[in-house]
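A structural walkthrough
Below are the chains, spelled out letter by letter.
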Protein chains: 4
Amino acid sequence: MTLRIGVVGTGMMGQDHVRRLATSVPNAEVVAVSDVNLEQAKRVGEGVGARVFSDGHDLIGDDQVQAVLIASPGFTHEEFTLACLAADKPVLCEKPLAPTIDACLRVLEAETAKPRRQVQVGFMRRYDDGFRAMKEALEAGQVGRPLLLHCRHRNAATPPGFTSDLMITDSVVHDIDVTRWLLGQEVVAANVLKPRPSSKAPEGLQDPQLVLLETAEGALVDVESFVNCQYGYDIRYELVGETGTVSLGELAGVQVRQQERYQGRIPTDWRERFGAAYQRELQEWVTGVLQGQVSGPSAWDGYATTAVAEAAVESLNEDRRTTVELVERPALYA
Amino acid sequence: MTLRIGVVGTGMMGQDHVRRLATSVPNAEVVAVSDVNLEQAKRVGEGVGARVFSDGHDLIGDDQVQAVLIASPGFTHEEFTLACLAADKPVLCEKPLAPTIDACLRVLEAETAKPRRQVQVGFMRRYDDGFRAMKEALEAGQVGRPLLLHCRHRNAATPPGFTSDLMITDSVVHDIDVTRWLLGQEVVAANVLKPRPSSKAPEGLQDPQLVLLETAEGALVDVESFVNCQYGYDIRYELVGETGTVSLGELAGVQVRQQERYQGRIPTDWRERFGAAYQRELQEWVTGVLQGQVSGPSAWDGYATTAVAEAAVESLNEDRRTTVELVERPALYA
Amino acid sequence: MTLRIGVVGTGMMGQDHVRRLATSVPNAEVVAVSDVNLEQAKRVGEGVGARVFSDGHDLIGDDQVQAVLIASPGFTHEEFTLACLAADKPVLCEKPLAPTIDACLRVLEAETAKPRRQVQVGFMRRYDDGFRAMKEALEAGQVGRPLLLHCRHRNAATPPGFTSDLMITDSVVHDIDVTRWLLGQEVVAANVLKPRPSSKAPEGLQDPQLVLLETAEGALVDVESFVNCQYGYDIRYELVGETGTVSLGELAGVQVRQQERYQGRIPTDWRERFGAAYQRELQEWVTGVLQGQVSGPSAWDGYATTAVAEAAVESLNEDRRTTVELVERPALYA
Amino acid sequence: MTLRIGVVGTGMMGQDHVRRLATSVPNAEVVAVSDVNLEQAKRVGEGVGARVFSDGHDLIGDDQVQAVLIASPGFTHEEFTLACLAADKPVLCEKPLAPTIDACLRVLEAETAKPRRQVQVGFMRRYDDGFRAMKEALEAGQVGRPLLLHCRHRNAATPPGFTSDLMITDSVVHDIDVTRWLLGQEVVAANVLKPRPSSKAPEGLQDPQLVLLETAEGALVDVESFVNCQYGYDIRYELVGETGTVSLGELAGVQVRQQERYQGRIPTDWRERFGAAYQRELQEWVTGVLQGQVSGPSAWDGYATTAVAEAAVESLNEDRRTTVELVERPALYA
């Protein structure tokens, strides 16, 4: 049994998903792609023998398409996700679910009218071996009750047009989701601190930032977001519990010793670091959909993460601690 | 396009391959399985909707089967591989290609009568990220010309009936293949040294062994083979060149600190350590066969490795250094 | 030539210094000890053949004593340091120089009336190989201009009577001093954040704390202070610069692999972690004094560190960011 | 109480000891130095206010000298050690005790005529924290009975005139001593294997070598000796026991991340790697002598190590496994 998938958006992220679905995920077939850049969509679609659309709504409405993967720009996520819900087709929406709280709530409203979940949000870290091992260690009681979480989120450099707000809504959202998922608690407050910006970052970009999050049960999270760190893509975590710590990110791989130095590679591309996680995400999604269930990160996770990100952006821009108020959690996401 | 594969042998290794082909390798379908243990074959075959045979020859002759994966016991590899060649079907044969030099030569003879390669041998380490990175570092000149190679090959415990010879023909064969592939040289001599056997190993098993190999260009390789080391599955390498070293096997993953100790997991199962390598091996094989070419480890590699293993077994049993003489390398394997 | 030293205070710290001076520091002799607990002073003094006093002022006035090491409780440091200055004797005062800004200023006033420095403060981390290597890497330009400094300061457990304020004035003072020395900048603001306290910490102790410091040039420092972390004594640093990072605290020593785990020791005692630093501190102090100069951490360092600690304590107690105002730096400390 | 020490030999090793005794070892005074190079001896002696001799025998006979440290070339060790025994003065003799078995036996004969030990041999690794921790782990039963010991002994480059024999008698002697001390067993056979020599090594030097040692209880030891490895001074060990392994030499210190690499220093000088061990060796020797006892590595250790080294040199030159026969161990060394 094969799942016939349509991919909305054929930019870098969409291309990556198409390639992965076509070559590395069993029981998946990319039957349609769409992009406002029709030429790009054609190039991508031809490679896998998919039908090509310029409008995502046409793709979603296509009878051949059984399930949809949304990889278009964030501001379009709401409308496409709502269209999928209207068409009763399962959807894997890249993060964010939607860029504003209100937009997320509209998706929640539409999905909660359904008897069961149809929306999954693309928080792929939950599928990474290392993050899963951290969660297992925590849940096995190896470090006691969690008190602090230290996160490092570094990229070598940003693409043109990247903004200080995007550092939160595009990068730190992953750390927000990990915090919620790992600790099993909602985030209730945010505070963004601003060291002197790096002279290697584009003019005007507040890079790095230190994003502080507080959870419902009083754990304190600090996220270093540094997206022009120059040296590589580096994700590290340390969770501090009452009796011990569990950390992620020690460097492995091959080590060379030469000229009075030992040394090893640091990846520069997040697709290298999280390639296996993306593959597992897609594989589990395909398998789940074929079996009639969606169980990955939910629209609720998408909403809550956007709510925290919005509070953090407000803190960034107003230089004060902000709080997060969530609506009541619908039963669908219990 | 999907490759219809028949799997000969449904023991632990065969089951693992069937599961992987069915769930994680795109464009592959397991259409038939066979085992002398028909009940086992049925259980495995039912899970994937495959036809079931008790005789591998019937499977190989089946019209539905386009390519064959041999995972039956080593002593049957020759006959099944020859049958595949006779039927002109591409074959991925688990190591060893065959347990004796003569048997391997018969396979070489049959394949070299063909216009191109059809046989691949299952040396999956060549598909592991770490081993590939070592080879890249060497070929990039990072450590200079190779002089020494230190290998650790440890298993927690052996299954019943494991013998001192099998420690070489079943375990060290991997290190022999890595030596040849990594250094790009044939092995010309072997010498097996015997420390006091571990009291944790079964009575009569010479465990551990220190297997010394000499290559054509004078590099010296030492392989510690210790298959009842108790603590886990542990594979480590260090290649020493004229200007530096490159090593594989530093421990990564999640690290826990508690009770005055830092600690991390060591896997116990080789399938965990090499799961990604097996997947890539199958994936590249399937892709290659569909494109009409077989490019992985060849029957020549299978032959040369068996020749070295045979010399090492002789050294083990006669307590002396033995030499390896290979036939001339056929042009097919240039 | 031997320096005849008097040690004021024979508690744990004083005993440690006496033992070290007597057995591991060349050209040093402990000729006198004092403690209000005269019995304790006698036991310690007898071991090294030193004269014994109950009053530190008598020791300082003793003709045999050429230089003084103060290891009595913090609130006595001011009076003893001032007495040493009055007696024109070089003094190594354990941190803090004095517990209040005003007390520190009185010491500065007394010392700046002298033609040259006589006071050194016991910030021993500056003598640690690892901290020195961090500073060298920074000064060699290996990581670019500093932007962030992450510090972990963990103790297994606290002695009875330890308070939330002491976590700053007794523990974090070291991190404050390292920040100033490593970055070569004064700290201008502090903000102490309070996660949920650990249930393993004594009732009422705010443990852990996250102490945030801002430097004059805009670098941001976060210090995790967790003094009942249960698992050991663990000091780790990462300095983030514009082009790279330098970190301290990777675990070394002997590593054991057994029972599916690799593992290594974490020390539990700060004297083990910093033993070599204490020895070098004493050795360089003795050598310097014998040559007529004092060049280690100065009374100015003691003052500035106390000023930052005081601001941090205020932040801890008032739940707000506080700023640090220093007096003008006297020429003596240029 | 101060020990008045005379140092025979003021080459690199002697200078290092003089400096250490003068500046870092309490209760020690260098009162005399000697060297056939009188100018060198004068320069070294002046620095510490020591008397200067051109003949070591005059130094040994000097009334001011209470104990002797021999750091002259190996072939002179026998005569000077015998002279110390004749003069009834404790002696710390740098390794080797003497370069031939017969010479060592003459020292044993002279010392066993005494009521107690007076000779210590300079195997400083026994004083290294890491080697001690390995021994503790072994003796605590953490890895079970020892089966294999893997040793790496690498130097960046050799001084002019270094020979293949010296690689054993000057370098591998340390590994031989560690083997005997760590395992608590004598070595009974040696076998030196010769890979292709490095083109970076001087013409004619068999570098690297793989030295195999067998112990009385059947443990097998492999020592990689590579003294022109170019990249640094690198000493690593792994002891393999029946239930686990303990390893030494993981790299620590400060780690820098920059330009897609993490990296750290490897020392180039053995004095950096073993500086603390040399200091402790001297300190314990001085303390012991002042208390009337010598308890470090004995003349027996010196003899046994030379016997093994001699067998290894024979193996190196005759390309065969050689055995080691020791005389009966005198009661003095029980």
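Residues numbered from 1 in each chain as written. Chains lettered and ligands numbered in written order. Predicted model: local features only at pLDDT ≥ 70, side-chain atom pairs only at ≥ 80, totals over all residues. Heavy atoms only, no water.

**Side note on the interface of chain B and chain C**
- Taken together, the 18 residues of chain B in the interface contact 18 residues of chain C.
- The junction of chain B with chain C conceals about 1800 Å² of combined surface from both sides, 53% of it contributed by carbon and sulfur atoms.
- For the chain B face of the interface with chain C, the top three residues by lost area are Arg257(B), Glu260(B) and Tyr262(B), together amounting to 42%.
- At the boundary of chain B with chain C, the tally comes to 2 salt bridges.
- Here Asp234(B) makes a salt bridge to Arg257(C), at a shortest N to O gap of 2.6 Å.
- Linking chain B to chain C there are 12 residue pairs in polar contact (both at pLDDT 80 or more).
- Every element with two or more residues in the side of chain B that touches chain C is listed here: β11 (234–241), β13 (255–258) and β14 (261–265) of chain B. (Contact = heavy atoms within 4.5 Å. Buried area = accessible area lost by both parts, 1.4 Å probe. Salt bridge = Lys/Arg side-chain N within 4 Å of Asp/Glu carboxyl O. Polar contact = N/O pair within 3.5 Å; in protein donor to acceptor, adjacent residues only side chain to side chain. Helix = DSSP H or I, 4+ residues; strand = E, 2+ residues; numbered from the N terminus.)

**So, the pairing of strand β2 (residues 28–34) of chain D**
Residue and element names in this part refer to chain D.
- Among the 7 residues that make up β2, 6 are buried, leaving the element largely enclosed by the rest of the structure.
- The parallel pair strand β1 (residues 3–8) and β2 is bridged by helix α1 (residues 12–23), and the resulting crossover is right-handed.
- Read from β2 through helix α2 (residues 38–48) to strand β3 (residues 51–53), the crossover connection turns out right-handed. (Buried < 20%, exposed > 50% of the residue type's maximum accessible area, 1.4 Å probe, protein only. Right-handed = clockwise from strand over helix to strand, strands pointing away.)

**Quick look at the relation of the copies chain C and chain A**
- Note on the identical chains: chain C maps onto chain A by a rotation of 180° and an axial translation of 0.0 Å, with an RMSD of 0.0 Å. Taken together, these values place the two copies in the relation of a two-fold axis.
- Comparing interface residues between copies, 100% of those in chain C also sit at the interface in chain A, which points to an isologous, same-surface contact. (Least-squares fit on C-alpha atoms with pLDDT ≥ 70 in both.)

**Let's talk about the sheet that holds strand β5 (residues 91–93) of chain A**
All names here are of chain A.
- Strand order in the open sheet formed by 6 strands is β3-β2-β1-β4-β5-β6, with parallel pairing between adjacent strands. In this open sheet, the two strands that pair with only one neighbour each are β3 (51–53) and β6 (119–121). Strand-to-strand twist of the sheet, defined as the mean angle between neighbouring strand axes without regard to direction, takes the value 25°.
- Pairing of strand β1 (residues 3–8) with strand β4 (residues 67–70), which is carried by 4 bridges, proceeds in the parallel orientation. Bridge assignment links Ile 5 to a residue of β4, and that residue is Ala 67. (Pairing = 2+ DSSP bridges. Axes fitted to C-alpha atoms, helices over the stretch in contact; angles between N-to-C directions.)

**Comments concerning the relation of the copies chain B and chain C**
- Of the two same-sequence chains, chain B is brought onto chain C (RMSD 0.0 Å, axial shift 0.0 Å) by a rotation of 180°.
- Residue by residue, 100% of the interface of chain B is reproduced at the interface of chain C, so both copies engage with the same surface.

**Quick look at the sheet that holds strand β6 (residues 119–121) of chain C**
Residue and element names in this part refer to chain C.
- The 6 strands are arranged β3-β2-β1-β4-β5-β6 in an open sheet whose pairing can be described as parallel. Each edge of the open sheet is held by one strand with a lone partner, namely β3 (51–53) and β6. Ignoring which end each strand starts from, the neighbouring axes of this sheet average 25° apart.
- With 3 bridges joining them, strand β4 (residues 67–70) and strand β5 (residues 91–93) adopt parallel strand pairing. Of the residues in β5, the one forming a bridge with Leu 69 is Leu 92.

**Considering empty space enclosed by the protein**
- Using the criterion set out here, one finds 2 cavities of 30 Å³ or more in the structure.
- In this structure, the second largest cavity encloses a volume near 360 Å³.
- Residue lining of the second largest cavity: 21 residues in total, with Arg236(B), Glu238(B), Arg152(D), Arg236(D) and Glu238(D) positioned closest to the centre.
- Secondary-structure elements contributing two or more residues to the lining of the second largest cavity are β7 (146–154), β11 and β12 (244–248) of chain B together with β7 (146–154), β11 (234–241) and β12 (244–248) of chain D.
- Of the residues belonging to the lining of the second largest cavity, the class tally is 5 nonpolar, 6 polar and 10 charged. (1 Å grid on protein atoms, 1.4 Å probe; cavity = no way out; pocket = protein on both sides within 12 Å on 5 of 7 lines; lining within 4 Å. Points joined across faces, edges and corners; volume = space filled by probe spheres on them. Nonpolar A, V, L, I, M, F, W, Y, C, P; charged D, E, K, R; others polar.)

**Digging into the pairing of β7(D)**
Residues and elements named next belong to chain D.
- Taking burial as the measure, the 9 residues of β7 include 9 buried ones, the bulk of the element.
- Examined bridge by bridge, β7 and β11 share 8 bridges and lie antiparallel to one another. Note that in β11 the partner of Cys 151 across the bridge is Tyr 237.
- Sheet analysis places β7 next to strand β10 (residues 220–226), joined by 7 bridges and oriented parallel. Paired with Leu 148 across the bridge in β10 is Leu 220.

**As for the side chain of Thr322(D)**
All names here are of chain D.
- Within the secondary structure, Thr 322 is located in strand β15 (residues 322–323).
- Given a relative accessible area of 3%, Thr 322 falls into the buried group.
- One polar contact links the side chain of Thr 322 to the main-chain carbonyl oxygen of Ala 311, over a distance of 2.7 Å.
- Residue contacts for Thr 322: discarding those within four places in its chain leaves Val 188, Ala 189, Ala 190, Ala 311, Ala 312, Glu 314 and Ser 315.

**Overview of the pattern of salt bridges**
- Applying the stated criterion across every chain, the model contains 131 salt bridges over all chains.
- A salt bridge links Arg236(A) to Glu238(C), with the nearest nitrogen and oxygen atoms 2.7 Å apart. Taken together, the positions of Arg236(A) in strand β11 (residues 234–241) and Glu238(C) in strand β11 (residues 234–241) put the pair across two chains. Residues Arg236(A) and Glu238(C) agree in their burial class; the two are buried.
- Linking Glu272(C) and Arg265(C) is a salt bridge whose minimum nitrogen-to-oxygen distance equals 2.9 Å.
- One connected set of salt bridges, linked through shared partners, spans Glu238(A), Arg257(B), Arg152(C), Arg154(C), Asp222(C), Glu224(C), Asp234(C) and Arg236(C).

**A short note on the confidence of the model for chain A**
- Residues of chain A with pLDDT of at least 70 account for 99%, and the chain-wide mean is 96.
- For this predicted complex, the interface score ipTM comes out at 0.94, alongside a pTM of 0.93. (pLDDT = per-residue confidence, 0-100.)

**Overview of helix α10 (residues 299–318) of chain B**
All names here are of chain B.
- Given a rise of 1.5 Å per residue, 20 residues ought to cover 28 Å, and the 28 Å separating the end C-alpha atoms of α10 matches this to within 8%.
- Along α10, 16 of the 20 residues are buried, which leaves the element largely enclosed by surrounding structure.
- Two or three places before Trp 300, at the opening of α10, Ser 298 has a side-chain oxygen 3.1 Å from that residue's backbone nitrogen.
- Asp 319, located one to two residues past α10, shows a positive phi value of around 55°. (Expected span 1.5 Å × (residues − 1).)

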